[in-house]
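# Survey of secondary and tertiary structure
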Amino acid sequence: MNKFFKGTLLLAIAAFLGESIEFIVNMVLAKNLGEEGMGLYMSVLPVIFLVVVISSLELPISISKFVAAKEEKYHQSMLHHAMRLTIVFTIMVLFVAAIILPFVPVFEHYHPLVKWLILILIPVISFSSIARGYFMGLQHMGKIAISNFLRKIVQLSLLVLIYHFFHFSLEVSILIALCTLVATELIVCLYLLYMYRLQYIELKTKAAARIDGRTVRKSLLEVSIPTTGMRLFHAVTNAIQPFLIKIALVKAGLSHTIALEEFGLLAGVALTIGFFPGFIAHSLLIVLIPTVSEAHANHDYKKMQKLLKQVMIITFIYGIPIVMVFYHFAIPLTNVFFENSHAASYVQLLWPFFLFHLFVSPLQAYLIGLGLIKDAFLHSIWTTCISFLLMFLLGSLPSFQMNGVILGMNTGMVLLTLMHYFTVCNKIHVTLWLKRLEAPSI
């Protein structure tokens, strides 16, 4: 348990620094792109994240589960087969993306080079995923923490330098912002692969046992495919969400330009502020997946029950005060981005979304560690359908507009959290109040 909390604390500190830098990054983008440019930038990011999800094949999660559950002597053989799988998969994704991307209508409003930036991103994400998953499984959280921090500080440095010395049109400014995003991922990939090579050389000096390639692929894909499906679903819905919101707002009577600016305030300001403490939840997710996987493999229900109670308490302790701060200081916080905007009211209305979002990540980690990825996927489908329906119906009403969109977002997040929580409690045999039930005999 000490190892768990030390790993979480290390990741949380690094992630706090990273999120602080991310906050500044969005401030720099807001100042240089303006409300319309910020709306365009935030609209294309979900499409890029969709490609990232496909490229990673969720290998960080599947490899970390494998490493946590298997003896060290099997790791070398597993990594060899994982690398071969990644090479084949990357070639396939690159081929398909090169054919499809030129015809994707989303990129019509952006610089022609944007779509080719995405092609560069595919192999970068694919190969860094192997190293990231291996270090997660070994619980070498220092390397993960450094890579996460490195990504943020490099992006900020590049943006500040470029925007300070040069001035561009809006189209080129957005291209530059996306170029810095790809450049940071490349630097992180090089760092992770270098550390991975050092670790792999050390691993080769130890006793090793071979595993059949088919067995490794089966073990990895049993986790990767449903997890990728879930992440793919999130990425697709996140890519659709900006257009759904803008269509609803236009239907409610706003012009296309105003609707784009309002979405920029929601995604670029309100959600940036509200997601800031998410680094703690994400740190818990990274450490929980191998920890829960190991405990589940050993049928250690007592450990899983105790850990869930501690994670829920931790989330309440930091979540409630932070959300209260966001609610009461919404105006000065949003004025850092744009003065006298509607974003402050959006932050205040989104407090249930921000609070329950903090619980989703650790609960999702539990579901993955318990082998309940299918359940997590189904929960996401149901809650997203309900959320999108409410967002469109309420957002289309002239009397609600963006407030209606936010009500739909809140409803979806609360439902998702409750469905995850009920399923985890049932699986590890605790009541909804985290009182221990008798575990089944093995």
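Our structure is the block above this text.
Below, the structure is looked at part by part. (Residues numbered from 1 in each chain as written. Predicted model: local features only at pLDDT ≥ 70, side-chain atom pairs only at ≥ 80, totals over all residues. Heavy atoms only, no water.)

This part covers the packing of aromatic side chains. By the definition in use, this model includes 13 aromatic pairs. With a centroid separation of 5.9 Å and 75° between ring planes, the pair formed by phenylalanine 276 and phenylalanine 279 is classed as edge-to-face. Across the pair, phenylalanine 279 and phenylalanine 276 agree in class, each one buried. By the ring-pair criterion, three or more aromatic residues cluster together here, those being Tyr134, Phe135, Tyr196 and Tyr200. Stacked on the ring of phenylalanine 135, the Lys or Arg lysine 143 has its end atom at 5.3 Å from the ring centre. Geometry around phenylalanine 263 places lysine 246 over its ring, the cationic atom sitting 5.9 Å from the centre. (Phe/Tyr/Trp six-rings, centres within 6.5 Å; stacked < 30°, edge-to-face > 60°. Buried < 20%, exposed > 50% of the residue type's maximum accessible area, 1.4 Å probe, protein only. Lys NZ or Arg CZ within 6 Å of the ring centre and 35° of its normal.)

A negative phi holds for most residues other than glycine; trans holds for most peptide bonds. In this model, glutamine 139 sits at a positive phi of 60°, which is unusual for a non-glycine residue. Mapped onto the fold, glutamine 139 is located in the loop between α4 (114-138) and α5 (141-165). Residue histidine 429 is not a glycine yet carries a positive backbone phi of 65°. Note that histidine 429 resides in the segment after α15 (402-428). Overall, the relative accessible area of 21% leaves histidine 429 in the partly exposed class. (Helix = DSSP H or I, 4+ residues; strand = E, 2+ residues; numbered from the N terminus.)

Think of it this way: side chains of opposite charge can pair up when their charged atoms draw near. Summed over the entire model, instances satisfying the criterion amount to five salt bridges. Between glutamate 185 and arginine 151 there is a salt bridge, and its shortest N-O distance comes to 2.8 Å. A residue pair is termed long-range when its members are at least 10 positions apart, and glutamate 185 in helix α6 (residues 170-204) and arginine 151 in helix α5 qualify at 34 residues. Across this residue pair, the class does not change: glutamate 185 and arginine 151 are buried. Lysine 218 serves as the salt-bridge partner of glutamate 222, at 2.5 Å between the closest nitrogen and oxygen. Here the residue glutamate 222 and the residue lysine 218 both occupy positions in helix α7 (residues 213-251), the gap between them amounting to four residues, near one helical turn. By relative accessible area, lysine 218 is classed as exposed at 52%. A single network of salt bridges, built from pairs that share partners, joins Glu72, Glu202 and Lys206. (Salt bridge = Lys/Arg side-chain N within 4 Å of Asp/Glu carboxyl O.)

At a closest axis distance of 9 Å, the pairing of helix α10 (residues 301-328) and helix α13 (residues 351-369) adopts a crossing angle of 160°. Between α10 and α13, the interaxial angle falls into the category roughly antiparallel. Of the two elements, α10 crosses α13, and the hand of that crossing is right-handed. Residues Met304, Leu307, Leu308, Val311, Met312, Thr315, Phe316, Tyr318, Gly319, Ile320, Val323 and Tyr327 of α10 lie in contact with α13, whose contacting residues are Trp351, Phe354, Leu355, Leu358, Phe359, Pro362, Leu363 and Tyr366. When the residues that make up the contact of α10 with α13 are grouped by side-chain class, the tally is 18 nonpolar, two polar and no charged. (Axes fitted to C-alpha atoms, helices over the stretch in contact; angles between N-to-C directions. Parallel < 35°, antiparallel > 145°, perpendicular 65-115°, else oblique. Left-handed = near helix turned anticlockwise from the far one by under 90°. Contact = heavy atoms within 4.5 Å. Nonpolar A, V, L, I, M, F, W, Y, C, P; charged D, E, K, R; others polar.)

Across its 28 residues, α10 extends 41 Å between first and last C-alpha, which sits within 8% of the 40 Å expected from 1.5 Å per residue. By the burial criterion, the buried members of α10 are Tyr301, Met304, Gln305, Leu307, Leu308, Val311, Met312, Thr315, Tyr318, Gly319, Val323 and Phe326. (Expected span 1.5 Å × (residues − 1).)

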